[in-house]
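Working through the structure, step by step
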Amino acid sequence: DSLKLARRLALGFCVLLCLVISIATVGVRALTHAQADSARTNAAMDKAADADRWRGMTQLNISRTLALAKSGNAAALKAWAGPLMKETSAEISGVQKGLEGAAVSDAAKTAFADIAAKRKRYVQTRDDVFKLLDAADPTAADLVESRLLPQADQYMAAVTAFGKHQREISDAVVAESTVQADRARVAVIVLAAVSMVLGALCAWFITRSVTRPLRQAVEAIEAVAAGDLSRAIVVEGRDEVAALLTGLDRMQASLRQLVGDVRDSTGSIRIASNEVAQGSQDLSVRTERSAAGLQQTASSMEEISGTVRQTAAAAQVADELATATARQAAQGGDVVSRMTSTMDRITAHANK
């Protein structure tokens, strides 16, 4: 889990690509070997077919030679078989030359040298027999039995052995090609199975390393959405999902702190609200008392107003009485003044 998600994915894809490249390499090599084996098989089968054709034409010419020899080299048979024998001999020479040119191994070259020597001896004996037959030499029949037939058998045996050897080579090439194809098929199947197993393991590992933390993140988010901030978030590794879980853990811690601050603020607001409610209740009581006092004050004011009105009336009366008294006092002052003047005059007259 310490690897980044991108590196894990890249590593998984690299493993799969390496396996695919291996499968492709094995498949290409198998096809290359199959093509080479097919070419070798075709070449070996062509050589075997040419060897069989060589053996058949050789057997045909030997049969014609023996027929001419047994007939005493009859003119009519010679006229018919002679051109055919020459034509077949030319074909045999062409096939032999082609096979000899394709021979690369020492064994094949030795076999061709042996066949060429035996063919040369056979042809030389055949020509000698025909000369003796043309000369009506009685020893020709003995030469046929003593030399021509054994040399023909040796020549045929050598050609037959070469054809058999070419057939064996062809069969060996086919068997080897089959073995190579089986090995390539097994290798491809094994690599395909290994690719499937490793691909499944890589997919399981990458999926598990991604889905498990994501599931934990989803559970944490759902818990936060439900109001549960107490769920612990375990962070493992250092990949992108671990960074996501770390961010969620920090967010959860911030939300817990925020909720704690809000809870503290709510408690303070509740206390203040209770105090405000208590103050409002006290204010209401005081207001009621003040209202009662105001009612009493209003009643007192009405009484005072009545008293004031009465006092005003009494003051007016007192003012009028004061005015009258002042007038009377003034009048009394005048009288006193006149009396004083009178007394002064009397006193003055008395002194005189």
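Anyway, here's the lowdown on the structure attached to this text. (Residues numbered from 1 in each chain as written. Predicted model: local features only at pLDDT ≥ 70, side-chain atom pairs only at ≥ 80, totals over all residues. Heavy atoms only, no water.)

What follows is about the overall build of the protein. On a plain count of helices and strands, the protein comes out with five helices and zero strands. Secondary structure elements of the protein, listed N to C terminal, follow the sequence α-α-α-α-α. For the protein, buried positions account for 22% of its 352 residues. Surface summary for the protein: the accessible area is close to 23,100 Å², and the carbon and sulfur share equals 62%. (Helix = DSSP H or I, 4+ residues; strand = E, 2+ residues; numbered from the N terminus. Buried < 20%, exposed > 50% of the residue type's maximum accessible area, 1.4 Å probe, protein only. Areas by Shrake-Rupley, 256 points an atom, 1.4 Å probe, with all protein chains shown as cover.)

Trp 54, Ile 115, Val 129, Tyr 155 and Phe 162 are the most contacted members of the largest nonpolar core, which totals 29 residues. Among the elements that line this core, the one with the most residues is helix H4 (residues 139-225), at 10 residues. Apart from the residues within four sequence positions on either side, Phe 162 is in contact with Ala 51, Trp 54, Leu 99, Ala 111, Phe 112 and Ile 115. Of all hydrophobic cores here, the second largest spans five residues; its members include Ala 217, Ile 233, Leu 245 and Leu 248. (Core = buried A, V, L, I, M, F, W, Y, C linked by side-chain atoms within 4.5 Å. Contact = heavy atoms within 4.5 Å.)

On to the packing of helix H3 (residues 106-134) against H4, then. Across the interface, H3 lies against H4 with an axial gap of 9 Å and an inter-helix angle of 155°. In terms of their interaxial angle, H3 and H4 are classed as roughly antiparallel. For H3 against H4, the interelement crossing comes out left-handed. Counted by class, the contact of H3 with H4 contains 16 nonpolar, four polar and seven charged residues. (Axes fitted to C-alpha atoms, helices over the stretch in contact; angles between N-to-C directions. Parallel < 35°, antiparallel > 145°, perpendicular 65-115°, else oblique. Left-handed = near helix turned anticlockwise from the far one by under 90°. Nonpolar A, V, L, I, M, F, W, Y, C, P; charged D, E, K, R; others polar.)

What follows concerns the environment of Leu 31. Among the secondary structure elements, Leu 31 is positioned in helix H1 (residues 5-70). Of the residues examined, Leu 31 reaches a relative accessible area of 55% and is grouped as exposed. For the pair formed by Leu 31 and Gln 180, sequence separation is 149 residues and the distance between their alpha carbons is 10.0 Å.

Running from N to C, helix H2 (residues 75-102) and H3 point in directions that differ by 165°, and their axes come no closer than 12 Å. If you check the angle between H2 and H3, you find them roughly antiparallel. Viewed along their axes, H2 and H3 form a crossing whose handedness is left-handed. Facing H2, whose interface residues are Lys 78, Met 85, Ser 89, Ile 92, Ser 93, Gln 96, Leu 99 and Glu 100, H3 presents Phe 112, Ile 115, Ala 116, Arg 119, Arg 126, Phe 130 and Asp 134. The class makeup of the residues in the contact of H2 with H3 is seven nonpolar, three polar and five charged.

Moving on, we come to a nonpolar patch on the surface. Nonpolar side chains collect at one region of the surface, where Leu 9, Phe 13, Leu 17 and Ile 21 lie side by side and expose about 400 Å² of accessible area between them. Relative to the helices and strands, Phe 13 resides in helix H1. (Patch = residues over 30% accessible without salt bridge, like charges linked within 9 Å, V, L, I, M, F, W, Y side chains within 5 Å. Salt bridge = Lys/Arg side-chain N within 4 Å of Asp/Glu carboxyl O.)

Further remarks concern H3. Between its terminal C-alpha atoms H3 stretches 42 Å, which fits the 42 Å expected from 29 residues at 1.5 Å a residue. Residues of H3 that are buried: Ala 108, Phe 112, Ile 115, Lys 118, Arg 119, Tyr 122, Thr 125, Arg 126, Val 129, Phe 130 and Leu 133. Immediately downstream of H3, the backbone of Ala 136 shows phi near 60°, a positive value. (Expected span 1.5 Å × (residues − 1).)

Moving on, we come to the side chain of Gln 151. Following the sequence through the fold, Gln 151 ends up in helix H4. Setting aside its immediate chain neighbours within four residues, Gln 151 contacts Arg 121, Tyr 122 and Thr 125.

With that out of the way, let us pick up the packing of aromatic side chains. Under the counting rule described, the total for this entry stands at four aromatic pairs. A ring pair is formed by Trp 54 and Phe 112, whose centres lie 6.1 Å apart and whose planes are at 10°; its orientation type is stacked. On the criterion of sequence distance, the pair formed by Trp 54 in helix H1 and Phe 112 in helix H3 is long-range, its members being 58 residues apart. Residue Phe 112 is classed as buried on the basis of its relative accessible area of 1%. Considering the side-chain rings of Trp 54 and Phe 162, the 5.9 Å spacing of their centres and the 70° angle between planes classify their relative orientation as edge-to-face. Remark: Phe 162 occurs in helix H4 and Trp 54 occurs in helix H1; sequence separation between them is 108 residues. In this structure an aromatic cluster arises from ring pairing among Trp 54, Phe 112 and Phe 162. (Phe/Tyr/Trp six-rings, centres within 6.5 Å; stacked < 30°, edge-to-face > 60°.)

According to the stated counting rule, one finds five salt bridges in the structure shown. Asp 134 is the salt-bridge partner of Lys 78, the closest N and O atoms lying 3.3 Å from each other. Taken together, the positions of Lys 78 in helix H2 and Asp 134 in helix H3 put the pair 56 residues apart, joining distant regions of the chain. Owing to a relative accessible area of 47%, Asp 134 belongs among the partly exposed residues under this scheme.

Below, the discussion takes up the environment of Ala 69. Structurally, the position occupied by Ala 69 is in helix H1. The sequence separation of Ala 69 and Val 144 amounts to 75 residues, and the corresponding C-alpha distance is 7.2 Å. Filtering out sequence-adjacent residues up to four positions away, Ala 69 remains in contact with Val 129, Phe 130, Leu 133 and Val 144.

Looking now at H4. The end-to-end C-alpha distance of H4 is 124 Å, a good match for the 129 Å that 87 residues give at a rise of 1.5 Å each. A maximum bend of about 35° is found in H4 at Glu 145. Directly after H4, the chain includes Gly 227, whose backbone phi takes a positive value near 95°. (Bend = angle between axes of the 7 residues up to and from the residue.)

All right, on to the side chain of Ser 89 then. Relative to the assigned elements, Ser 89 resides in helix H2. Owing to a relative accessible area of 18%, Ser 89 belongs among the buried residues under this scheme.

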